[in-house]
Amino acid sequence: MAGEGDSEPEKSFKLLGFLDVKNVPCARESVLYGSVGSLVVGLGHFLATSKYLHLLHLPVCLFVKIKSFIFSVSPCRVRRSCDFAVGGFICTMLGYWFYCRYNLAQQRIRQRMLKEGMRNKMLFEGSSFDPEKNQTGNERSNS
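Residues numbered from 1 in each chain as written. Predicted model: local features only at pLDDT ≥ 70, side-chain atom pairs only at ≥ 80, totals over all residues. Heavy atoms only, no water.

Here the focus is the overall build of the protein. Check the secondary structure of the protein and you find six helices and two strands. Beginning at the N terminus, the succession of helices and strands in the protein can be written as β-β-α-α-α-α-α-α. A buried classification covers 17% of the 143 residues belonging to the protein. Within the structure as shown, the protein displays about 11800 Å² of accessible surface, and the carbon and sulfur contribution to it stands at 64%. (Helix = DSSP H or I, 4+ residues; strand = E, 2+ residues; numbered from the N terminus. Buried < 20%, exposed > 50% of the residue type's maximum accessible area, 1.4 Å probe, protein only. Areas by Shrake-Rupley, 256 points an atom, 1.4 Å probe, with all protein chains shown as cover.)

Now for helix H1 (residues 27-48). Look at H1: 31 Å from first C-alpha to last across 22 residues, which is about the 32 Å you get at 1.5 Å a residue. Listing the buried residues of H1 in full gives Ala27, Ser30, Val31, Gly34, Gly37, Ser38, Gly42, His45 and Phe46. The buried side chains of H1 occupy one side of the element, clustering within an arc of 150° when seen end-on. Seen from the buried face of H1, the exposed residues on the opposite side, beyond 90 degrees, are Leu39, Val40 and Ala48. (Expected span 1.5 Å × (residues − 1). Arc of directions from axis to C-beta.)

Counted by the stated rule, this structure contains two aromatic pairs. Measuring from centroid to centroid gives 4.5 Å for tyrosine 33 and tyrosine 96, while their planes differ by 50°, and the two rings are tilted. Pair noted here: tyrosine 33 is in helix H1 and tyrosine 96 is in helix H5 (residues 75-124), with a separation of 63 residues, a long-range link. In this structure tyrosine 96 comes out as partly exposed when scored by relative accessible area, which is 23%. Centre to centre, the rings of tyrosine 96 and tyrosine 99 are 5.9 Å apart; their planes meet at 45°, and the pair counts as tilted. A residue pair is termed a helical-turn pair when its members lie 3 or 4 positions apart in one helix, as tyrosine 96 and tyrosine 99 do in helix H5 at three residues. Grouping aromatic residues by their ring pairs yields a cluster made of Tyr33, Tyr96 and Tyr99. (Phe/Tyr/Trp six-rings, centres within 6.5 Å; stacked < 30°, edge-to-face > 60°.)

Structure below.
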């Protein structure tokens, strides 16, 4: 069978040659959110600097003035919008990267505390160092 006993290593995708998207936590999501942020910022800047803002509100006028709109696009405005798109990609990717890594670090700290607490619970359960045993003993003596 094809799936049995085949232990071929999975290929990882390295972005820019060093960022292993498959194995590094938060890398895939940050690149995806960065690309969406790039699209939104670049297209938003392009449309915000457009002379024909009324085309956004009236799709019928789009067919009438499509030639004048296409030929009125200056290369300077396109280049500037691409610059904004690259900046949006970097800002969105780094912003989500730090947000995700911070949440991951918090989750690991909580897991470590829970693991240590469970280890202490198993270690001290039934001994004289058990905090629950002292509490139940004091509650019984008060009543």
